[in-house]
Amino acid sequence: MRFDVIIIGGGAAGLFCAIQAGKRERKTLVIEHNSEVGRKILISGGGRCNFTNKEVSANNFISQNPHFCKSALARYTPQDFIELVKSYKIQFYEKKLGQLFCKESSRQIVEMLLSECQKAKVEFRLSCEVKEVEKDENFIIQTNQGVFESESLVIATGGLSFPKIGATDFGYKIARQFGLRIVETRPSLVPLIFTNQNFSKLAGVSIDSIVKTRKREFRENILFTHRGLSGPAILQISNYWHKEKSISIDLLPENDALEVLEKNANSKQNLDNFLGKYLPNRFAESFAQNNKPINQISKKEREKIAESLNNWQVLFNETEGYHKAEVTLGGIDTNELSSQTMESKRVKGLYFIGEVVDVTGWLGGYNFQWAWSSGFACGESV
Ligand SMILES: Cc1cc2nc3c(=O)[nH]c(=O)nc-3n(C[C@H](O)[C@H](O)[C@H](O)COP(=O)(O)OP(=O)(O)OC[C@H]3O[C@@H](n4cnc5c(N)ncnc54)[C@H](O)[C@@H]3O)c2cc1C
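Residues numbered from 1 in each chain as written. Predicted model: local features only at pLDDT ≥ 70, side-chain atom pairs only at ≥ 80, totals over all residues. Heavy atoms only, no water.

Draft legend 1. Structural view of the nonpolar core. Ranked by size, the top nonpolar core spans 119 residues in total, and within it Ile109, Phe352 and Trp372 carry the most contacts. Counting contributing residues, this core receives three or more from each of domain 1 (2–186 + 327–379) and domain 2 (192–319). Setting aside anything within four residues of it in sequence, one finds Trp372 in contact with Ala12, Phe16, Ile41, Phe51, Tyr76, Phe81, Ile109 and Leu113. (Core = buried A, V, L, I, M, F, W, Y, C linked by side-chain atoms within 4.5 Å. Buried < 20%, exposed > 50% of the residue type's maximum accessible area, 1.4 Å probe, protein only. Domains from an automatic or database assignment. Contact = heavy atoms within 4.5 Å.)

Draft legend 2. Fine view of helix α12 (residues 366–379). Its 14 residues place the ends of α12 19 Å apart at the C-alpha level, agreeing with the 20 Å of an ideal helix rising 1.5 Å per residue. With 14 of 14 residues buried, α12 is to be regarded as a mostly interior element. (Helix = DSSP H or I, 4+ residues; strand = E, 2+ residues; numbered from the N terminus. Expected span 1.5 Å × (residues − 1).)

Draft legend 3. Broad picture of the packing of aromatic side chains. Under the definition given, this model contains 25 aromatic pairs. Pairing Phe199 with Phe224 gives two aromatic rings, centres 5.8 Å apart and planes at 65 degrees, and the pair type is edge-to-face. With a gap of 25 residues between them, Phe199 in the loop between β12 (192–194) and β13 (206–212) and Phe224 in strand β14 (residues 217–224) connect regions that are remote in the sequence. Take Phe199: its relative accessible area is 23%, and that puts it in the partly exposed class. Grouped by ring-pair contacts, the aromatic residues Phe16, Phe51, Tyr76, Phe81, Phe92, Phe368, Trp372 and Phe376 constitute a single cluster. Positioned above the aromatic ring of Phe101, the side-chain terminus of Lys95 is 4.8 Å from the ring centre. Lying across the ring of Phe139, Lys135 places its NZ or CZ 4.9 Å from the centre. (Phe/Tyr/Trp six-rings, centres within 6.5 Å; stacked < 30°, edge-to-face > 60°. Lys NZ or Arg CZ within 6 Å of the ring centre and 35° of its normal.)

Draft legend 4. A look at the sheet that holds strand β6 (residues 99–102). Read across the open sheet, the 3 strands follow the order β3-β6-β5; overall the sheet is antiparallel. Single-partner strands in this sheet number two, and they are β3 (50–53) and β5 (92–94). Shown here is a sheet whose adjacent strand axes are inclined to one another by a mean of 30 degrees, direction ignored. Where helix α4 (residues 78–87) meets the sheet, it contacts β3, β5 and β6, and its direction lies at approximately 140 degrees from that of β3. (Pairing = 2+ DSSP bridges. Axes fitted to C-alpha atoms, helices over the stretch in contact; angles between N-to-C directions.)

Draft legend 5. Examining the sheet that holds strand β15 (residues 228–230) more closely. What the 7 strands build is an open sheet, ordered β17-β16-β13-β14-β15-β12-β18; its pairing is antiparallel. For this open sheet the edge positions go to β17 (312–314) and β18 (316–319), each flanked by a neighbour on one side alone. Across the sheet, the mean angle separating the axes of adjacent strands is 40 degrees when strand polarity is ignored. Of the strand pairs in this sheet, β13 and strand β16 (residues 247–250) are connected by 3 bridges, and their pairing is antiparallel. Note on β16: the bridge partner recorded for Lys212 is Ser248. On top of the sheet, helix α11 (residues 299–310) reaches β16 and β17; it is set at about 105 degrees to β16, its chief contact.

Draft legend 6. Layout of a negative patch on the surface. A surface patch of negative charge is lined by Glu132, Glu134, Asp136 and Glu137. Structurally, the position occupied by Asp136 is in the loop between β8 (130–135) and β9 (139–143). On the basis of relative accessible area, Asp136 is assigned to the exposed category, the value being 63%. (Patch = residues over 30% accessible without salt bridge, like charges linked within 9 Å, V, L, I, M, F, W, Y side chains within 5 Å. Areas by Shrake-Rupley, 256 points an atom, 1.4 Å probe, with all protein chains shown as cover. Salt bridge = Lys/Arg side-chain N within 4 Å of Asp/Glu carboxyl O. Lys, Arg positive; Asp, Glu negative; His and termini not counted. Charge placed at Lys NZ, Arg CZ, Asp CG, Glu CD.)

Draft legend 7. Structural view of unusual backbone geometry. One non-glycine residue with positive phi stands out, namely Lys121, at about 60 degrees. Among the structural elements, Lys121 can be located in the loop between α5 (107–119) and β7 (123–125). Positive phi is not limited to glycine here, since Met342 has a value of about 75 degrees. Within the fold, Met342 resides in the loop between β19 (327–332) and β20 (350–352).

Here's what the structure looks like:
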(Lines give C-alpha, C1' and ligand atoms only; values in the text may rest on other atoms or scores of the structure.)
Protein backbone atom coordinates (compact mmCIF):
# COMPACT_ATOMS: atom_id res chain seq x y z
CA MET A 1 0.00 0.00 0.00
CA ARG A 2 2.31 2.67 -1.33
CA PHE A 3 1.36 6.30 -1.80
CA ASP A 4 3.18 9.44 -2.83
CA VAL A 5 1.53 11.37 0.00
CA ILE A 6 -0.12 10.27 3.21
CA ILE A 7 -2.00 12.84 5.24
CA ILE A 8 -2.91 11.96 8.80
CA GLY A 9 -6.03 13.90 9.86
CA GLY A 10 -9.05 14.50 7.66
CA GLY A 11 -10.00 17.92 8.97
CA ALA A 12 -9.97 21.28 7.23
CA ALA A 13 -6.22 21.45 6.57
CA GLY A 14 -5.78 17.75 5.73
CA LEU A 15 -8.63 17.67 3.21
CA PHE A 16 -7.48 20.87 1.57
CA CYS A 17 -3.93 19.62 1.26
CA ALA A 18 -5.18 16.32 -0.17
CA ILE A 19 -7.11 18.17 -2.88
CA GLN A 20 -4.04 20.11 -4.03
CA ALA A 21 -1.76 17.06 -3.91
CA GLY A 22 -4.32 14.92 -5.77
CA LYS A 23 -4.78 17.60 -8.45
CA ARG A 24 -1.04 17.36 -9.06
CA GLU A 25 -1.57 13.66 -9.66
CA ARG A 26 0.19 12.67 -6.50
CA LYS A 27 -1.27 9.39 -5.24
CA THR A 28 -2.74 10.63 -1.98
CA LEU A 29 -4.24 8.91 1.06
CA VAL A 30 -6.01 10.58 3.98
CA ILE A 31 -5.99 8.62 7.25
CA GLU A 32 -8.70 9.66 9.71
CA HIS A 33 -9.40 7.97 13.02
CA ASN A 34 -13.04 9.13 13.18
CA SER A 35 -15.64 7.32 11.11
CA GLU A 36 -16.16 10.49 9.04
CA VAL A 37 -13.98 13.42 8.01
CA GLY A 38 -14.44 17.09 8.91
CA ARG A 39 -16.29 16.75 12.21
CA LYS A 40 -14.98 20.06 13.47
CA ILE A 41 -16.09 21.79 10.29
CA LEU A 42 -19.58 20.37 10.84
CA ILE A 43 -19.95 21.86 14.32
CA SER A 44 -18.15 25.11 13.52
CA GLY A 45 -19.83 28.48 13.48
CA GLY A 46 -22.86 27.07 15.30
CA GLY A 47 -23.41 24.62 12.39
CA ARG A 48 -22.94 27.30 9.72
CA CYS A 49 -19.13 27.31 9.46
CA ASN A 50 -17.51 30.74 9.49
CA PHE A 51 -15.28 29.52 6.67
CA THR A 52 -13.16 32.64 6.17
CA ASN A 53 -12.97 36.38 6.74
CA LYS A 54 -13.00 39.04 4.02
CA GLU A 55 -9.95 40.74 5.51
CA VAL A 56 -7.13 38.47 6.59
CA SER A 57 -3.57 39.50 7.42
CA ALA A 58 -0.75 38.29 9.66
CA ASN A 59 -2.04 40.76 12.23
CA ASN A 60 -4.99 38.42 12.89
CA PHE A 61 -2.73 35.58 14.03
CA ILE A 62 -0.68 34.77 17.11
CA SER A 63 2.61 32.95 16.64
CA GLN A 64 6.11 33.21 18.04
CA ASN A 65 7.07 34.22 14.52
CA PRO A 66 4.34 36.64 13.38
CA HIS A 67 5.73 36.64 9.81
CA PHE A 68 5.56 32.87 9.30
CA CYS A 69 1.95 32.76 8.09
CA LYS A 70 2.36 35.54 5.50
CA SER A 71 3.59 33.49 2.56
CA ALA A 72 0.87 30.82 2.76
CA LEU A 73 -1.88 33.40 3.36
CA ALA A 74 -0.73 35.35 0.29
CA ARG A 75 -0.68 32.29 -1.94
CA TYR A 76 -4.16 31.07 -1.06
CA THR A 77 -6.36 33.98 -0.04
CA PRO A 78 -9.88 34.33 1.37
CA GLN A 79 -10.97 35.40 -2.14
CA ASP A 80 -9.67 32.11 -3.56
CA PHE A 81 -11.75 30.15 -1.06
CA ILE A 82 -14.79 32.38 -1.67
CA GLU A 83 -14.51 31.63 -5.41
CA LEU A 84 -14.47 27.90 -4.64
CA VAL A 85 -17.54 28.22 -2.40
CA LYS A 86 -19.33 30.22 -5.11
CA SER A 87 -18.46 27.64 -7.75
CA TYR A 88 -20.42 25.10 -5.64
CA LYS A 89 -23.33 27.58 -5.41
CA ILE A 90 -23.13 27.54 -1.62
CA GLN A 91 -25.04 30.52 -0.29
CA PHE A 92 -23.19 32.57 2.31
CA TYR A 93 -23.44 35.89 4.13
CA GLU A 94 -21.35 38.29 6.15
CA LYS A 95 -22.48 38.13 9.77
CA LYS A 96 -20.26 40.96 11.06
CA LEU A 97 -16.67 42.18 10.87
CA GLY A 98 -16.02 40.43 7.55
CA GLN A 99 -16.98 37.00 8.94
CA LEU A 100 -18.45 34.79 6.19
CA PHE A 101 -20.88 32.02 7.16
CA CYS A 102 -22.87 29.46 5.16
CA LYS A 103 -26.53 30.41 4.94
CA GLU A 104 -27.64 26.80 5.23
CA SER A 105 -25.17 24.41 6.81
CA SER A 106 -21.50 23.63 7.42
CA ARG A 107 -22.17 20.26 5.84
CA GLN A 108 -22.08 22.03 2.46
CA ILE A 109 -18.41 22.89 3.06
CA VAL A 110 -17.56 19.29 3.95
CA GLU A 111 -19.46 18.04 0.89
CA MET A 112 -17.62 20.55 -1.29
CA LEU A 113 -14.25 19.38 0.04
CA LEU A 114 -15.19 15.72 -0.45
CA SER A 115 -16.33 16.40 -3.98
CA GLU A 116 -13.01 18.11 -4.73
CA CYS A 117 -11.19 15.15 -3.16
CA GLN A 118 -13.12 12.77 -5.39
CA LYS A 119 -12.19 14.78 -8.49
CA ALA A 120 -8.56 14.65 -7.38
CA LYS A 121 -8.79 10.87 -6.78
CA VAL A 122 -7.88 11.14 -3.11
CA GLU A 123 -8.23 7.88 -1.18
CA PHE A 124 -9.49 7.59 2.39
CA ARG A 125 -9.07 5.24 5.31
CA LEU A 126 -11.65 6.07 7.97
CA SER A 127 -11.77 4.66 11.52
CA CYS A 128 -8.07 4.09 10.96
CA GLU A 129 -5.81 4.14 14.03
CA VAL A 130 -2.14 4.92 13.50
CA LYS A 131 -0.04 2.77 15.79
CA GLU A 132 3.46 3.75 14.74
CA VAL A 133 5.31 5.97 12.29
CA GLU A 134 8.85 5.21 11.19
CA LYS A 135 11.11 6.73 8.59
CA ASP A 136 13.44 4.72 6.49
CA GLU A 137 13.85 5.99 2.97
CA ASN A 138 10.08 6.44 2.99
CA PHE A 139 7.62 6.83 5.86
CA ILE A 140 6.15 3.57 7.13
CA ILE A 141 2.83 3.94 8.89
CA GLN A 142 1.51 1.01 10.89
CA THR A 143 -2.24 1.11 11.45
CA ASN A 144 -5.11 -1.14 12.49
CA GLN A 145 -5.90 -1.40 8.75
CA GLY A 146 -2.45 -2.46 7.63
CA VAL A 147 0.89 -0.89 6.80
CA PHE A 148 1.11 2.12 4.48
CA GLU A 149 4.18 3.66 2.93
CA SER A 150 4.73 7.11 1.47
CA GLU A 151 7.36 9.50 0.26
CA SER A 152 5.74 12.49 2.00
CA LEU A 153 3.93 12.46 5.31
CA VAL A 154 1.65 15.35 6.29
CA ILE A 155 0.53 15.76 9.89
CA ALA A 156 -2.85 17.52 9.93
CA THR A 157 -4.24 16.22 13.19
CA GLY A 158 -5.22 19.65 14.57
CA GLY A 159 -4.97 20.84 18.16
CA LEU A 160 -6.30 19.60 21.47
CA SER A 161 -9.60 21.45 21.62
CA PHE A 162 -12.87 19.51 21.64
CA PRO A 163 -11.49 16.06 22.52
CA LYS A 164 -15.05 14.68 22.38
CA ILE A 165 -15.02 14.98 18.57
CA GLY A 166 -11.64 13.36 18.12
CA ALA A 167 -8.89 15.85 18.99
CA THR A 168 -5.65 14.14 20.02
CA ASP A 169 -2.04 15.03 20.82
CA PHE A 170 -0.86 12.87 17.92
CA GLY A 171 0.76 15.74 16.01
CA TYR A 172 2.83 16.84 18.98
CA LYS A 173 3.91 13.25 19.65
CA ILE A 174 5.16 12.86 16.08
CA ALA A 175 6.97 16.20 16.36
CA ARG A 176 8.70 15.00 19.53
CA GLN A 177 9.53 11.65 17.98
CA PHE A 178 11.38 13.41 15.15
CA GLY A 179 13.02 15.96 17.45
CA LEU A 180 11.02 19.05 16.47
CA ARG A 181 10.50 21.79 19.05
CA ILE A 182 7.01 22.63 20.27
CA VAL A 183 5.80 25.96 21.59
CA GLU A 184 3.87 25.30 24.80
CA THR A 185 0.18 24.74 24.13
CA ARG A 186 -2.89 26.01 25.95
CA PRO A 187 -6.61 26.33 25.27
CA SER A 188 -7.64 29.55 23.54
CA LEU A 189 -10.67 31.31 22.06
CA VAL A 190 -12.06 30.12 25.35
CA PRO A 191 -14.16 31.48 28.27
CA LEU A 192 -12.12 32.63 31.27
CA ILE A 193 -12.73 31.90 34.97
CA PHE A 194 -12.53 34.66 37.62
CA THR A 195 -9.72 34.43 40.18
CA ASN A 196 -11.74 35.49 43.21
CA GLN A 197 -14.95 37.11 42.10
CA ASN A 198 -18.38 35.58 41.91
CA PHE A 199 -20.97 37.04 39.56
CA SER A 200 -22.89 33.82 39.04
CA LYS A 201 -26.21 35.60 39.55
CA LEU A 202 -25.40 37.64 36.44
CA ALA A 203 -24.99 34.51 34.28
CA GLY A 204 -26.47 35.21 30.86
CA VAL A 205 -26.02 39.01 30.97
CA SER A 206 -24.29 40.35 27.88
CA ILE A 207 -22.70 43.82 27.54
CA ASP A 208 -21.09 45.58 24.58
CA SER A 209 -17.57 46.32 25.89
CA ILE A 210 -14.00 47.12 24.99
CA VAL A 211 -11.73 44.43 26.39
CA LYS A 212 -8.00 45.20 26.56
CA THR A 213 -4.60 43.84 27.39
CA ARG A 214 -1.51 45.97 26.99
CA LYS A 215 -1.10 44.64 23.46
CA ARG A 216 -4.62 44.34 22.05
CA GLU A 217 -8.18 45.48 22.38
CA PHE A 218 -11.44 44.14 21.02
CA ARG A 219 -14.87 45.72 21.01
CA GLU A 220 -17.64 43.14 21.08
CA ASN A 221 -19.96 41.66 23.69
CA ILE A 222 -18.87 40.07 26.93
CA LEU A 223 -21.13 37.45 28.51
CA PHE A 224 -21.30 36.61 32.23
CA THR A 225 -21.17 32.87 32.90
CA HIS A 226 -21.52 30.97 36.19
CA ARG A 227 -17.75 31.02 36.75
CA GLY A 228 -16.40 33.92 34.75
CA LEU A 229 -16.78 35.64 31.41
CA SER A 230 -17.33 34.51 27.84
CA GLY A 231 -18.72 36.17 24.70
CA PRO A 232 -16.79 37.14 21.56
CA ALA A 233 -14.73 39.92 23.19
CA ILE A 234 -13.46 37.54 25.90
CA LEU A 235 -12.77 34.70 23.44
CA GLN A 236 -10.72 37.13 21.34
CA ILE A 237 -8.71 38.45 24.28
CA SER A 238 -8.11 34.89 25.58
CA ASN A 239 -5.51 34.58 22.78
CA TYR A 240 -3.52 37.34 24.52
CA TRP A 241 -4.36 36.61 28.17
CA HIS A 242 -1.67 35.81 30.75
CA LYS A 243 -2.58 34.38 34.13
CA GLU A 244 -0.95 36.95 36.36
CA LYS A 245 -2.01 39.98 34.29
CA SER A 246 -5.38 41.66 34.63
CA ILE A 247 -7.62 42.46 31.69
CA SER A 248 -9.25 45.86 31.48
CA ILE A 249 -12.91 46.01 30.54
CA ASP A 250 -14.71 49.19 29.51
CA LEU A 251 -18.38 48.45 30.11
CA LEU A 252 -19.47 51.82 28.73
CA PRO A 253 -17.44 52.26 25.55
CA GLU A 254 -19.69 55.06 24.28
CA ASN A 255 -19.50 57.12 27.47
CA ASP A 256 -17.08 58.69 29.89
CA ALA A 257 -18.76 57.39 33.05
CA LEU A 258 -17.35 60.14 35.26
CA GLU A 259 -18.56 62.87 32.92
CA VAL A 260 -22.05 61.32 32.85
CA LEU A 261 -22.16 60.98 36.65
CA GLU A 262 -20.85 64.52 37.21
CA LYS A 263 -23.50 65.95 34.90
CA ASN A 264 -26.12 64.21 37.03
CA ALA A 265 -24.50 64.77 40.42
CA ASN A 266 -27.62 66.51 41.74
CA SER A 267 -30.04 63.86 40.49
CA LYS A 268 -32.39 62.21 42.99
CA GLN A 269 -32.54 59.09 40.86
CA ASN A 270 -31.16 55.91 42.42
CA LEU A 271 -27.87 54.72 40.97
CA ASP A 272 -29.32 51.41 39.69
CA ASN A 273 -32.13 53.15 37.79
CA PHE A 274 -29.68 55.66 36.42
CA LEU A 275 -27.21 53.00 35.24
CA GLY A 276 -30.12 51.02 33.79
CA LYS A 277 -30.26 53.66 31.04
CA TYR A 278 -26.82 52.54 29.85
CA LEU A 279 -26.47 48.93 30.97
CA PRO A 280 -28.70 45.84 31.31
CA ASN A 281 -30.96 46.17 34.39
CA ARG A 282 -29.70 42.97 36.01
CA PHE A 283 -26.17 44.28 35.84
CA ALA A 284 -27.11 47.78 37.02
CA GLU A 285 -28.95 46.37 40.07
CA SER A 286 -26.10 44.11 41.05
CA PHE A 287 -23.48 46.79 40.44
CA ALA A 288 -25.24 49.40 42.59
CA GLN A 289 -24.89 47.31 45.75
CA ASN A 290 -25.25 50.17 48.21
CA ASN A 291 -27.95 51.67 46.10
CA LYS A 292 -28.82 55.29 46.82
CA PRO A 293 -29.76 58.48 44.99
CA ILE A 294 -26.87 59.92 43.00
CA ASN A 295 -26.98 63.22 44.91
CA GLN A 296 -26.03 61.25 48.05
CA ILE A 297 -22.95 59.73 46.46
CA SER A 298 -19.71 61.53 47.27
CA LYS A 299 -17.37 62.77 44.55
CA LYS A 300 -14.78 60.18 45.60
CA GLU A 301 -17.33 57.38 45.34
CA ARG A 302 -18.48 58.67 41.93
CA GLU A 303 -14.89 58.53 40.73
CA LYS A 304 -14.56 54.97 41.97
CA ILE A 305 -17.81 53.94 40.30
CA ALA A 306 -16.73 55.55 37.02
CA GLU A 307 -13.36 53.81 37.15
CA SER A 308 -14.97 50.41 37.62
CA LEU A 309 -17.31 51.05 34.69
CA ASN A 310 -14.75 52.39 32.19
CA ASN A 311 -11.73 50.48 33.45
CA TRP A 312 -12.80 47.34 35.31
CA GLN A 313 -9.60 45.41 36.07
CA VAL A 314 -10.31 41.69 36.06
CA LEU A 315 -8.02 38.85 37.06
CA PHE A 316 -8.73 35.41 35.68
CA ASN A 317 -7.36 32.27 37.23
CA GLU A 318 -7.75 29.85 34.36
CA THR A 319 -9.63 29.03 31.19
CA GLU A 320 -12.61 26.71 30.81
CA GLY A 321 -10.19 24.24 29.19
CA TYR A 322 -9.93 22.33 25.95
CA HIS A 323 -13.47 20.98 26.07
CA LYS A 324 -14.75 24.55 25.59
CA ALA A 325 -11.85 26.08 23.62
CA GLU A 326 -12.20 26.67 19.90
CA VAL A 327 -8.47 26.40 19.31
CA THR A 328 -5.09 25.45 20.74
CA LEU A 329 -2.54 28.22 21.14
CA GLY A 330 1.07 27.17 20.50
CA GLY A 331 2.10 24.04 18.65
CA ILE A 332 4.92 23.00 16.31
CA ASP A 333 7.55 25.76 16.48
CA THR A 334 7.47 27.61 13.16
CA ASN A 335 11.30 27.81 13.21
CA GLU A 336 11.19 24.10 12.48
CA LEU A 337 9.19 24.52 9.25
CA SER A 338 9.52 26.15 5.86
CA SER A 339 6.96 28.94 5.57
CA GLN A 340 6.75 28.23 1.81
CA THR A 341 5.91 24.52 2.04
CA MET A 342 5.33 23.63 5.73
CA GLU A 343 8.04 20.96 5.41
CA SER A 344 10.21 20.19 8.41
CA LYS A 345 13.69 21.64 8.09
CA ARG A 346 15.10 18.63 9.95
CA VAL A 347 13.17 15.74 8.42
CA LYS A 348 12.79 15.68 4.66
CA GLY A 349 9.28 14.78 3.53
CA LEU A 350 7.61 15.47 6.88
CA TYR A 351 5.06 18.31 6.87
CA PHE A 352 2.82 19.95 9.50
CA ILE A 353 -0.24 22.03 8.60
CA GLY A 354 -3.27 23.66 10.20
CA GLU A 355 -3.87 24.12 13.88
CA VAL A 356 -1.11 21.75 15.04
CA VAL A 357 1.38 24.47 13.99
CA ASP A 358 2.12 27.45 16.25
CA VAL A 359 -0.19 29.77 14.27
CA THR A 360 -3.49 30.65 15.93
CA GLY A 361 -6.09 32.96 14.47
CA TRP A 362 -8.59 35.34 15.99
CA LEU A 363 -12.23 34.38 16.22
CA GLY A 364 -13.95 35.11 12.91
CA GLY A 365 -12.97 32.65 10.18
CA TYR A 366 -9.21 33.16 10.49
CA ASN A 367 -8.46 29.65 11.76
CA PHE A 368 -10.14 28.01 8.79
CA GLN A 369 -8.32 30.37 6.44
CA TRP A 370 -5.05 29.24 8.00
CA ALA A 371 -6.12 25.61 7.50
CA TRP A 372 -6.92 26.25 3.79
CA SER A 373 -3.79 28.34 3.16
CA SER A 374 -1.31 26.09 4.96
CA GLY A 375 -2.97 23.02 3.40
CA PHE A 376 -2.65 24.60 -0.04
CA ALA A 377 1.02 25.56 0.41
CA CYS A 378 1.85 22.03 1.50
CA GLY A 379 -0.31 20.36 -1.15
CA GLU A 380 1.62 22.26 -3.84
CA SER A 381 4.91 20.90 -2.53
CA VAL A 382 4.40 17.29 -1.40
C1 LIG B 1 -16.70 24.38 18.31
C2 LIG B 1 -15.72 24.98 17.34
C3 LIG B 1 -16.16 25.91 16.42
C4 LIG B 1 -15.24 26.50 15.54
N5 LIG B 1 -15.71 27.39 14.63
C6 LIG B 1 -14.83 27.98 13.78
C7 LIG B 1 -15.30 28.86 12.77
O8 LIG B 1 -16.52 29.06 12.59
N9 LIG B 1 -14.37 29.46 11.98
C10 LIG B 1 -13.02 29.19 12.08
O11 LIG B 1 -12.23 29.76 11.34
N12 LIG B 1 -12.58 28.32 12.99
C13 LIG B 1 -13.44 27.70 13.82
N14 LIG B 1 -12.98 26.79 14.73
C15 LIG B 1 -11.54 26.42 14.69
C16 LIG B 1 -11.33 25.47 13.47
O17 LIG B 1 -12.33 24.49 13.48
C18 LIG B 1 -9.96 24.81 13.55
O19 LIG B 1 -8.95 25.77 13.73
C20 LIG B 1 -9.70 24.02 12.26
O21 LIG B 1 -10.65 23.02 12.12
C22 LIG B 1 -8.29 23.43 12.28
O23 LIG B 1 -8.16 22.61 11.16
P24 LIG B 1 -7.18 21.35 11.21
O25 LIG B 1 -7.42 20.59 9.95
O26 LIG B 1 -5.82 21.78 11.55
O27 LIG B 1 -7.70 20.50 12.43
P28 LIG B 1 -9.13 19.72 12.61
O29 LIG B 1 -10.17 20.36 11.75
O30 LIG B 1 -9.30 19.62 14.05
O31 LIG B 1 -8.82 18.31 11.97
C32 LIG B 1 -7.96 17.37 12.56
C33 LIG B 1 -8.41 16.00 12.12
O34 LIG B 1 -7.45 15.04 12.54
C35 LIG B 1 -8.12 13.93 13.10
N36 LIG B 1 -7.20 13.28 14.03
C37 LIG B 1 -6.77 13.70 15.23
N38 LIG B 1 -5.92 12.82 15.77
C39 LIG B 1 -5.82 11.79 14.88
C40 LIG B 1 -5.10 10.57 14.86
N41 LIG B 1 -4.31 10.22 15.89
N42 LIG B 1 -5.22 9.74 13.80
C43 LIG B 1 -6.01 10.10 12.75
N44 LIG B 1 -6.74 11.24 12.71
C45 LIG B 1 -6.63 12.08 13.77
C46 LIG B 1 -9.33 14.53 13.78
O47 LIG B 1 -10.34 13.57 14.01
C48 LIG B 1 -9.73 15.59 12.76
O49 LIG B 1 -10.59 15.08 11.78
C50 LIG B 1 -13.87 26.16 15.60
C51 LIG B 1 -13.44 25.21 16.51
C52 LIG B 1 -14.35 24.61 17.38
C53 LIG B 1 -13.86 23.58 18.36
